[in-house]
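# Notes for the structure review
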Amino acid sequence: MGGFFSRHDPDDVFAYNTIKLITIRDRYLGILHHLCQLIIFGYIFVIVIFVNLNFLDKQQAYGAVKLSLQDPVSVSPTPDYCSPAPSHTLPQKLPCIFNDREKGIQGQGNLFLTTHLTMTEYRTNCTSTDLLCETSTPTLVSGPNEYFLQDVENHKVVIDHSPISADLSVSLTGNLAGDLQHQTKGNLGEMIWGTYNNIRFNSLAADVISVKDILGAMDMNLEGVANSYLTSNQSELVSYRYYGFISLFMVNYDNTDFSLYWKNVRSRTEDMTYQYRPYALLKVDDFIDDVVYLEYPSHYIKVQRRGIRMQAQVTGTLGSFKFQTLLIQLTTALALMRVATVMVCSIMMVYMCSIHSNIPPHLHLIG
């Protein structure tokens, strides 16, 4: 060990590198340097952190949605599509019957609202020993009898839902405010969302929206032609009221909106917003078949329901404050601040080379 240090200076062995700071006395380079720093500082702290809230840990929103049906408050006069004499040419007319909320077939996050009902009565020779009726051919008794359900548009859809994000431990602890989004077509065919109606504020238990408003949000008309993509024969064309369609009912949650987040910070609340965004899936043949036994198993009525199947789906983004995410953003900001120095140094080298490496009188390097 002694021989090593006798041959090498200890100051050289333990030497280390450091940065030498110099002062550039040039107004043009100085203004450019500070301007670059100001732009980078503004982008990181104003746009990235303050406006875009990139210090939040953001995850996909989840939730549970329950859809149910509510009877209309009043019955409208007999509409044009109701007639005792059936007519299958557009505009279609059928005898009308009334629906009630019990006819709204409910499931997990979905609701089937019947608009067109077909009932056909059959008899068979089935007996209690031949419950499968494998040897009996059904005999038509009456039908098929077709009906429209009157006042479908005036029924109310009751929407109860709650958001959650398990990964972030985010759930609804504040107020929930939302709106129904109105779908319109842009000039280039793209879909543009515009506010349709304010729906729910503060702590109401559920939203109640008329079927008419939901159809309006999708630009849907039940008297429109449903099956033109299947046939061009005018006598075979039917309306959406007759054919039915599927509505994808999106519930979009968000607590990462700029104004809402800082409002929550000031008031120490955890408010959240949501939007209903219904889409119409038109080229889908969807119906429900059912059998009602008048005398089991030999006498029954086949019932086919067509209508609007509303399928709810939760989307959106929920975020919560994470110190690690904020630290990453600040570290990135400090790294980008060095970009200003590098840019100015590069310009300075070009500037100096342009005068054949002669330093101008007003440019002094002070160590």
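Residues numbered from 1 in each chain as written. Predicted model: local features only at pLDDT ≥ 70, side-chain atom pairs only at ≥ 80, totals over all residues. Heavy atoms only, no water.

Moving on to the overall build of the protein chain. Looking only at helices and strands, the protein chain features 7 helices and 17 strands. When the 367 residues of the protein chain are sorted by exposure, 38% land in the buried category. Across the protein chain, contacts joining residues at least 24 apart in sequence account for 74% of those joining residues at least 6 apart. Total accessible area on the protein chain stands at roughly 21,900 Å², and carbon and sulfur atoms take up 57% of it. (Helix = DSSP H or I, 4+ residues; strand = E, 2+ residues; numbered from the N terminus. Buried < 20%, exposed > 50% of the residue type's maximum accessible area, 1.4 Å probe, protein only. Contact = heavy atoms within 4.5 Å. Areas by Shrake-Rupley, 256 points an atom, 1.4 Å probe, with all protein chains shown as cover.)

In this structure, Leu67, Val157, Ile159, Leu215, Phe245, Tyr253 and Tyr276 are the most contacted members of the largest nonpolar core, which totals 43 residues. Ranked by the residues each element gives to this core, the list is headed by strand 16 (residues 299-321), at 7 residues. (Core = buried A, V, L, I, M, F, W, Y, C linked by side-chain atoms within 4.5 Å.)

For the coordinates displayed, the defined rule picks out 1 disulfide. Covalent S-S linkage joins Cys82 and Cys96, the inter-sulfur distance amounting to 1.8 Å. Between Cys82 and Cys96 the disulfide shows an S-S torsion of about -90°. By sign, it is left-handed. Separated by 14 residues along the polypeptide, Cys82 in the loop between strand 3 (62-70) and strand 4 (96-98) and Cys96 in strand 4 bring together distant segments of the chain. Judged by its relative accessible area of 12%, Cys82 falls in the buried class. (Disulfide = S-S within 2.5 Å.)

This part is about the side chain of Asp207. Here Asp207 is to be found in strand 12 (residues 207-210). A polar side-chain atom of Asp207 sits 2.4 Å from a polar atom in the side chain of Tyr276. (Polar contact = N/O pair within 3.5 Å; in protein donor to acceptor, adjacent residues only side chain to side chain.)

Moving on: a nonpolar patch on the surface. A cluster of nonpolar residues, Phe41, Tyr43, Phe45, Val46, Ile47, Phe50, Val51, Phe258 and Leu330, forms a patch on the protein surface that exposes about 740 Å² of accessible area. Tallying contributions element by element places helix 3 (residues 27-51) first for the nonpolar patch, with 7 residues. With respect to the secondary-structure elements, Phe41 resides in helix 3. (Patch = residues over 30% accessible without salt bridge, like charges linked within 9 Å, V, L, I, M, F, W, Y side chains within 5 Å. Salt bridge = Lys/Arg side-chain N within 4 Å of Asp/Glu carboxyl O.)

Here the focus is empty space enclosed by the protein. In this approach, a probe sized like a water molecule rolls over the atoms, and the result shows the empty space that is left. Within the structure shown, the criterion is met by 1 cavity of 30 Å³ or more. A volume near 50 Å³ is recorded for the largest cavity. Together, Leu113, Val211, Ile214, Leu215, Met218, Ile308 and Met310 line the largest cavity. At 3 residues, helix 4 (residues 211-217) tops the list of elements feeding residues into the lining of the largest cavity. (1 Å grid on protein atoms, 1.4 Å probe; cavity = no way out; pocket = protein on both sides within 12 Å on 5 of 7 lines; lining within 4 Å. Points joined across faces, edges and corners; volume = space filled by probe spheres on them.)

Positionally, Thr120 belongs in strand 6 (residues 110-123). Taking relative accessible area as the criterion, Thr120 reaches 9% and is therefore assigned buried. Not counting residues up to four positions away in its chain, the partners in contact with Thr120 are Leu140, Ser142, Gly143, Pro144, Tyr300, Ile301 and Lys302.

Of all the bends in helix 3, the largest measures some 25° and sits at Tyr43. Inspection of helix 3 places Leu29, His33, Cys36, Ile40, Gly42, Ile44, Val48 and Ile49 among the buried residues, and these make up the whole buried set. Where helix 3 ends, the next residue or the one after it, Leu53, has phi of about 55°, a positive value. (Bend = angle between axes of the 7 residues up to and from the residue.)

Enumeration over the complete set of coordinates arrives at 9 aromatic pairs. Look at Tyr293 and Tyr296: their rings are 4.8 Å apart centre to centre, the planes differ by 70°, and that puts the pair in the edge-to-face class. The exposure class assigned to Tyr296 is exposed, which follows from its relative accessible area of 54%. (Phe/Tyr/Trp six-rings, centres within 6.5 Å; stacked < 30°, edge-to-face > 60°.)

Note the cis peptide between Leu90 and Pro91, where omega equals -5°. Examined against the element boundaries, Pro91 turns out to sit in the loop between strand 3 and strand 4. For the bond from Gly143 to Pro144, the omega torsion is 0°, close enough to zero to count as cis. Its identity as a non-glycine residue notwithstanding, Asp151 has a phi of 65°, on the positive side. Along the polypeptide, Asp151 turns up in the loop between strand 7 (139-150) and strand 8 (156-165). With phi around 55°, Asp219 is a residue other than glycine that occupies positive phi space. Mapped onto the fold, Asp219 is located in the loop between helix 4 and helix 5 (240-243). What makes Asp219 partly exposed here is its relative accessible area of 45%.

Okay, the confidence of the model for the protein chain next. Summing up the model confidence of the protein chain, the mean pLDDT is 76 and the portion of residues at 70 or higher is 75%. For the stretch residues 186-191, pLDDT sits under 50, and the model shows 6 contacts to residues farther than four places along the chain or on other chains. Segment residues 363-367: pLDDT under 50, and 18 contacts once partners within four positions in sequence are set aside and those in other chains are kept. (pLDDT = per-residue confidence, 0-100.)

A side chain with one charge may pair with a side chain of the opposite charge, provided their charged atoms come close. The full count for this structure, using the stated rule, is 3 salt bridges. Arg241 is the partner of Glu153 in a salt bridge, and the nearest nitrogen-oxygen pair spans 2.6 Å. Residue Glu153 is found in the loop between strand 7 and strand 8, and its partner Arg241 is found in helix 5; the two are separated by 88 residues along the sequence. There is no split in this pair, since Glu153 and Arg241 are both buried. Of the charged contacts in the structure, one is a salt bridge between Arg241 and Glu223, with a shortest N-O distance of 2.5 Å. Note that Arg241 is positioned in helix 5 and Glu223 in the loop between helix 4 and helix 5, a separation of 18 residues in sequence. Beyond isolated ion pairs, a larger network of salt bridges with shared partners links Glu153, Glu223 and Arg241.

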